[in-house]
Amino acid sequence: MHPVLGRLGGAAAALLLGVGVLAGGSGPAAAGAGAAAAEPVAGALERYRVDGVYSAGVSSGGYMATQLHVAYSGTFDGSAAFASGPQYCAQNDLGKALNACMEVYQDLQLAALKQTTTNWSAQGVIDDAAGLRGDPVYVFSGANDSTVERPVSTALDDYYRHFGADVLYNKSTAAGHAWITPLGPNACTVTASPWLNNCGFDAEREFLGHLLGPVSAPAAAPGGRLIRFDQNRYAPGGAAKPISMDENGFVYVPTSCANGAACKVVVTLHGCKQGYSYQGFGTRFIDKAYLNEYADTNDLIVLYPQAVPTTTLDNPNGCWNWWGYLGDPAYARHGGKQIETIMGMVKALGGAGPTPPPTGRLTLPSLDAEDGYIKAAGDGSGPAVGTLEDTYGLALGRGTDGRTNRSVLSFDTGAVPAGKEITRAWVTLTRSSGSGDPWAVPAGNRLLVDVHTGCLGGCTVEPGDWAAATTAAGAADIGAFASGSKASGDLSAAGLSAVNRSGRTQVRLRFDQNPAATAYLFVNRDARATLTVEYR
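Not measured: the values here are computed from a predicted model.

Draft legend 1. A look at helix α10 (residues 337–349). An ideal rise of 1.5 Å per residue puts 18 Å on 13 residues; α10 measures up with 19 Å between its terminal C-alpha atoms. Among the residues of α10, those classed as buried are Gln338, Ile339, Thr341, Ile342, Met343, Met345, Val346 and Leu349. Turning to α10, the residues buried within the fold contact β2 (50–58), α2 (60–71), β9 (225–230), β10 (248–253), β11 (263–269) and β12 (300–304). Glycine 350 occupies a position one or two residues after α10 and carries a positive phi of about 110 degrees.

Given below as structure tokens:
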């Protein structure tokens, strides 16, 4: 077996079956030292005087902490990430998650990840990336962590520095894969349940001190209230489990914050297998993270959102969504289901809450691997996928073989911000070559734009796309042009409604009437077609 494929198979099994991935091992947790933990009481999230919001997490929770900070840098003032990597590292791909963002058999493409953040910022699907400049960020990588390897955390350090964050990178500790805490029951180098390791130093003082400035010594025992609240209230459709979040969440509120002091919120995210409902794990992460003790003496509200396992192989270990499971393409940006659920909690506590996506414009390039053209007889019989795209471009009109060509373009329109009204959209083509004037044979012929929600059959071009029904036929047309680029008219109301907010939108280009003689053009050989979308 190819060594990389062999490792992928083993790692995939580990991620899905829970063998040493993002919280490895299966033994019972040892009893940890420390004062009695706060007992949870039932309640609800209330509004407090919040003057700052931060995120922190380990492993999958570290990835989510970064996703929250980057997506909503206007709300979050800094972040701490133990054993994780840069924003959007997995790129919605489980293979990359396993082989580039945990182990390093593949290049995690750091330059591309930085560019994605820049692009998303320009598109308004995350807050302005300039908001990361100067933010304090803490990165931790243990020397004995073979689950998320050192180069991955080093890439996170590099990523944040690229955007001007103030990074403190601890890579001098012999830790295994774990959250590091003086209350940890495990030895420093261990990677095993409950993934709470004592490395002989106070990691919470270190990262809180970097995020907040000098902090007061922790309380001997928590004196505030640990409140168990209903996460369903903040989830899409009022249901947390369908997005792999628990019905129970927790928030620790010191007496000072409850009595009206100005307080900061630290959103703290457990790793895989550390959630409240994972096989009876309960509140061990909350009790041993050593944050409630600091909360009492430093006016901190600690929010502990909870992920839950799925009953399928999508996420059986209760990890946070950092690779796009359960079909959420927006998992790392505005509109991500878990991100927005957590942001709703932050807002309920009195944090800034989600920044509304701006009014603006997106120009989306077509997806080259899914673009193509189909040729068929005038009546649509004998369709076949064209083969000259790489040489000449996408064909339209009647070729020298007497067959009529139609082209299909594919766009990822999931980047259109949630909650915005699409007010205008159009397609732009660039002519590569051609022969004759298909707009003139017959006179008045029109090049039409059909718009389809999702894909026409498969997302890659197939023969049936020539005649497949579309969501909005003839939503716009493109006037004659002999060179350069040409934009279509604005999409009709039906065409705008057909734009898919959660994934692919396909566009088919076809002449209204089959040209009566040889007359064709090729488009977009050297430049991608674009779909421009305006919204408010």
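Draft legend 2. Region of the structure containing the state of the cysteines. Scanning the model with the defined rule gives 5 disulfides in all. With a sulfur-sulfur separation of 2.0 Å, cysteine 257 is cross-linked through a disulfide to cysteine 263. Its torsion about the S-S bond being -105 degrees, the disulfide of cysteine 257 and cysteine 263 is classed as left-handed. A relative accessible area of 2% places cysteine 257 in the buried class.

Draft legend 3. Structural context of the pairing of strand β19 (residues 447–453). In terms of residue burial, β19 counts as a mostly covered element, since 6 of its 7 residues are buried. Where β19 meets strand β20 (residues 472–478), 4 bridges bridge the pair, whose relative direction is antiparallel. Within β20, the position partnered with leucine 448 by the bridge is aspartate 477. By the bridge criterion, 7 bridges tie β19 to strand β22 (residues 504–511) in an arrangement that is antiparallel. Note that in β22 the partner of valine 451 across the bridge is valine 507.

Draft legend 4. Highlighting the sheet that holds strand β7 (residues 186–187). With parallel pairing, the 3 strands of this open sheet are ordered in space as β6-β8-β7. Both edges of this open sheet fall to β6 (179–180) and β7, since each of them pairs with a single strand only. As defined by bridge partners, β7 adjoins strand β8 (residues 196–198) across 2 bridges and the pair is classed as parallel. Opposite alanine 187, over in β8, you have asparagine 198 as the bridge partner.

Draft legend 5. A look at the layout of surface pockets. In this model, the largest pocket occupies a volume close to 660 Å³. Lining of the largest pocket is provided by 22 residues; of these, Tyr88, Trp120, Arg333, Leu367 and Asp412 occupy positions nearest its centre. Those elements giving two or more residues to the lining of the largest pocket turn out to be α4 (110–123) and β13 (360–365). The element that contributes the greatest number of residues to the lining of the largest pocket is α4, accounting for 6 residues. Along the lines of polarity and charge, the residues of the lining of the largest pocket split into 8 nonpolar, 9 polar and 5 charged.

Draft legend 6. Main features of empty space enclosed by the protein. If you walk through the whole model with that rule in mind, you get 1 cavity of 30 Å³ or more. Empty space within the largest cavity amounts to approximately 40 Å³. Contributing to the lining of the largest cavity are Ala37, Ala38, Pro222, Leu226, Ile286, Asp287, Asn292 and Glu293. Broken down by secondary-structure element, the contributors of at least two residues to the lining of the largest cavity are α8 (284–288) and α9 (292–298). When the residues that make up the lining of the largest cavity are grouped by side-chain class, the tally is 5 nonpolar, 1 polar and 2 charged.

Draft legend 7. Spotlight on the pattern of salt bridges. Summed over the entire model, instances satisfying the criterion amount to 16 salt bridges. Residue aspartate 368 is joined to arginine 528 by a salt bridge in which the shortest nitrogen-to-oxygen separation is 3.3 Å. With aspartate 368 in the loop between β13 and β14 (372–376) and arginine 528 in the loop between β23 (519–523) and β24 (530–535), the pair connects residues that are 160 residues apart, well separated along the chain. Where arginine 528 meets aspartate 371, a salt bridge forms, and the shortest distance between an N and an O atom there is 3.8 Å.

Draft legend 8. Main features of the nonpolar core. With 110 residues, the main nonpolar core has Leu303 and Leu429 as its most contacted residues. In terms of nonpolar packing, the next biggest core, distinct from the first, is built from 37 residues, Ala56, Tyr138, Ala178 and Tyr294 among them.

Draft legend 9. View of the packing of α2 against α10. Relative orientation of the contacting elements α2 and α10 amounts to 75 degrees, with a least axis distance of 11 Å. Relative to α10, the element α2 lies roughly perpendicular. Between α2, through Met64, Gln67, Leu68 and Ala71, and α10, the contact on the second element is made entirely by Gln338, Ile339, Ile342 and Met343. Per-class residue counts for the contact of α2 with α10 are 6 nonpolar, 2 polar and no charged.

Draft legend 10. Just the environment of asparagine 99, in detail. You can see asparagine 99 is positioned in helix α3 (residues 94–99). Asparagine 99 gets classed as buried once you look at its relative accessible area, which sits at 1%.

Draft legend 11. Here's a closer look at the packing of aromatic side chains. One pass over the full model with this rule turns up 21 aromatic pairs. The interplanar angle of 5 degrees and the centroid separation of 4.1 Å between the aromatic rings of tyrosine 63 and tryptophan 322 together place this pair among those described as stacked. Highlighted residues: tyrosine 63 in helix α2 and tryptophan 322 in the loop between β12 and α10, separated in sequence by 259 residues. Of the two residues, tyrosine 63 and tryptophan 322, both sit in the buried class. An angle of 65 degrees between the planes, with centres 5.0 Å apart, marks the rings of tryptophan 323 and tyrosine 325 as edge-to-face. Taking the relative accessible area as the measure of exposure, tryptophan 323 reaches 7% and is therefore buried.

Each value, and the rule that gives it
- Residues numbered from 1 in each chain as written.
- Predicted model: local features only at pLDDT ≥ 70, side-chain atom pairs only at ≥ 80, totals over all residues.
- Heavy atoms only, no water.
- Helix = DSSP H or I, 4+ residues; strand = E, 2+ residues; numbered from the N terminus.
- Expected span 1.5 Å × (residues − 1).
- Buried < 20%, exposed > 50% of the residue type's maximum accessible area, 1.4 Å probe, protein only.
- Contact = heavy atoms within 4.5 Å.
- Disulfide = S-S within 2.5 Å.
- Pairing = 2+ DSSP bridges.
- 1 Å grid on protein atoms, 1.4 Å probe; cavity = no way out; pocket = protein on both sides within 12 Å on 5 of 7 lines; lining within 4 Å.
- Points joined across faces, edges and corners; volume = space filled by probe spheres on them.
- Nonpolar A, V, L, I, M, F, W, Y, C, P; charged D, E, K, R; others polar.
- Salt bridge = Lys/Arg side-chain N within 4 Å of Asp/Glu carboxyl O.
- Core = buried A, V, L, I, M, F, W, Y, C linked by side-chain atoms within 4.5 Å.
- Axes fitted to C-alpha atoms, helices over the stretch in contact; angles between N-to-C directions.
- Parallel < 35°, antiparallel > 145°, perpendicular 65-115°, else oblique.
- Phe/Tyr/Trp six-rings, centres within 6.5 Å; stacked < 30°, edge-to-face > 60°.

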